[in-house]
Amino acid sequence: MEDARITVPMIQQFKDHGRKITMLTAYDATMARLVDAAGIDIVLCGDSLGNVILGYENTLPVTLDMMVHHTAAVARGARRALLIADLPFMSYQTSLEDAVRAAGRLIQEGGAQAVKLEGGSPYIQDVVRRLVEIGIPVMGHLGWTPQFVNAMGKASVRGRTRDSAQEILDQARGLQDAGAFAIVLEVTPERLANLITDTLTLPIIGIGAGPGCDGQVLVSYDMLGMDETQTFRHVKRYTDAGRQIFQAFERYRDDVMKGAFPERRHSFAMDEDELAGLDEGS
């Protein structure tokens, strides 16, 4: 396995050479270390931490301070993968100046190598253009965009009609023209995703967008099966870590209750002469 840090130009080279791109989320140093060691190309500290780590209903309550905090933790665990951090809701929508400050904090304080934002309107394209101008690489995000939940309603496939598909295609072109180095395409029809992937020169990373994209991304907690109540059509569950962890907790509880843990091998010795010298009268 290569030891060199994955860079933004390398992600483009992967597409140019037909090499698939791998991407997973991480929100702390321990998970980032595991993702990194597995040889994943991109680790995303996503605002999905609002759902899977902080227990919010959606990503909207996630603040910039939260993202900086968790991104810095991920940076301490990931040494090889390209680290991308999400710009959270309302950190970049208010003005170009706010967007620059927010992205700058994720780079300078969080240790990210790039940022990701949602949407593809002319204003968002201006944000991308400005960030790229000052040396901050930007990944776009189209299709189902969680920060638009109040406008879009519940999560659903985006781009099934001609008009909505055309809008996504046009926005993807706009993001590419603005300088984005890649785009996440979430929960969109496979044929539309293939068209975008084949039409655009920048890498397209799919999540629920079919196998034809240049790469794939999943929320690590989803693919690990950490929450059995969460099931998504676009997620392949690679293990049942949630059940395994739960069963381990149960075994620990039972061992402590019946005195089976700790055993002598888990304890530490003391010289008998030192013990005998203790004053027990106080």
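Please refer to the structure higher up on the page.
Treat the numbers as computed from the prediction; the structure is a model and nothing was measured.

Participant: What is the right way to read the pairing of strand β3 (residues 82-86) from this model?
Facilitator: Every other side chain in a regular strand lies on the same face of the sheet, so the side chains alternate between the two faces. For β3, a buried count of 5 out of 5 residues is recorded, marking the element as mostly surrounded by other parts of the structure. By the alternation rule, side chains of β3 split into L82, I84 and D86 and L83 and A85, which are all buried. The pairing of β3 with strand β4 (residues 114-116) spans 3 bridges and is classified as parallel. Within the sheet, the bridge partner assigned to D86 lies in β4 and is K116. Taken together, β3, helix α5 (residues 96-108) and β4 form a β-α-β motif whose crossover is right-handed.

Participant: How should the pattern of salt bridges be read in this particular structure?
Facilitator: When charged atoms on two side chains of opposite charge get close, those side chains can pair. As enumerated under the stated definition, the model contains 13 salt bridges in all. A salt bridge links D41 to R19, with the shortest nitrogen-to-oxygen separation between them at 2.9 Å. Here D41 is found in the loop between α2 (29-37) and β2 (42-45), whereas its partner R19 is found in the loop between α1 (8-16) and β1 (21-25), with 22 residues between them in sequence. For R19, a relative accessible area of 34% puts it in the partly exposed group.

Participant: I tried to follow the packing of aromatic side chains on my own but got confused; where do I start?
Facilitator: Taken as a whole and judged by the stated rule, the model has 2 aromatic pairs. Lying across the ring of F14, R19 places its NZ or CZ 3.8 Å from the centre.

Participant: What am I meant to see in the sheet that holds strand β8 (residues 215-218) here?
Facilitator: The 8 strands are arranged β1-β2-β3-β4-β5-β6-β7-β8 in a closed barrel whose pairing can be described as parallel. Between one strand axis and the next, the sheet turns through 25° on average, direction left out of account. Pairing between strand β5 (residues 138-143) and strand β6 (residues 182-186): 5 bridges, direction parallel. Its bridge partner being in β6, H141 is matched across the sheet by V184. Against the sheet, α5 makes contact with β3 and β4, and its axis sits at roughly 130° relative to β4, the strand it touches most.

Participant: Before we go on, may I ask you to explain the pairing of β5 in this structure?
Facilitator: β5 sits mainly inside the fold: 6 of its 6 residues count as buried. With burial as the criterion, each face of β5 is covered, one bearing V138, G140 and L142 and the other bearing M139, H141 and G143. As paired strands, β4 and β5 are joined by 2 bridges and run parallel to one another. In the strand pairing of β5, V115 is matched with V138. The parallel pair β4 and β5, bridged by helix α6 (residues 122-133), forms a crossover whose chirality is right-handed.

Participant: In this structure, what is going on with a nonpolar patch on the surface? I would like to understand it.
Facilitator: A cluster of nonpolar side chains, contributed by I53, L54 and Y56, occupies part of the molecular surface with about 220 Å² of accessible area. Summarising the element assignment, Y56 is placed in the loop between α3 (49-52) and α4 (64-77).

Participant: I'm lost on the environment of N58 in this one. Help?
Facilitator: Counting through the fold element by element, N58 comes out in the loop between α3 and α4. For the pair formed by N58 and P146, sequence separation is 88 residues and the distance between their alpha carbons is 7.4 Å. Excluding its chain neighbours within four sequence positions, the residues that come into contact with N58 are G50, N51 and V149. Within the structure, the side chain of N58 is placed 3.0 Å from the backbone nitrogen of L60, a separation counted as a polar contact.

Rules used in this analysis
Residues numbered from 1 in each chain as written. Predicted model: local features only at pLDDT ≥ 70, side-chain atom pairs only at ≥ 80, totals over all residues. Heavy atoms only, no water. Buried < 20%, exposed > 50% of the residue type's maximum accessible area, 1.4 Å probe, protein only. Helix = DSSP H or I, 4+ residues; strand = E, 2+ residues; numbered from the N terminus. Pairing = 2+ DSSP bridges. Right-handed = clockwise from strand over helix to strand, strands pointing away. Salt bridge = Lys/Arg side-chain N within 4 Å of Asp/Glu carboxyl O. Phe/Tyr/Trp six-rings, centres within 6.5 Å; stacked < 30°, edge-to-face > 60°. Lys NZ or Arg CZ within 6 Å of the ring centre and 35° of its normal. Axes fitted to C-alpha atoms, helices over the stretch in contact; angles between N-to-C directions. Contact = heavy atoms within 4.5 Å. Patch = residues over 30% accessible without salt bridge, like charges linked within 9 Å, V, L, I, M, F, W, Y side chains within 5 Å. Areas by Shrake-Rupley, 256 points an atom, 1.4 Å probe, with all protein chains shown as cover. Polar contact = N/O pair within 3.5 Å; in protein donor to acceptor, adjacent residues only side chain to side chain.

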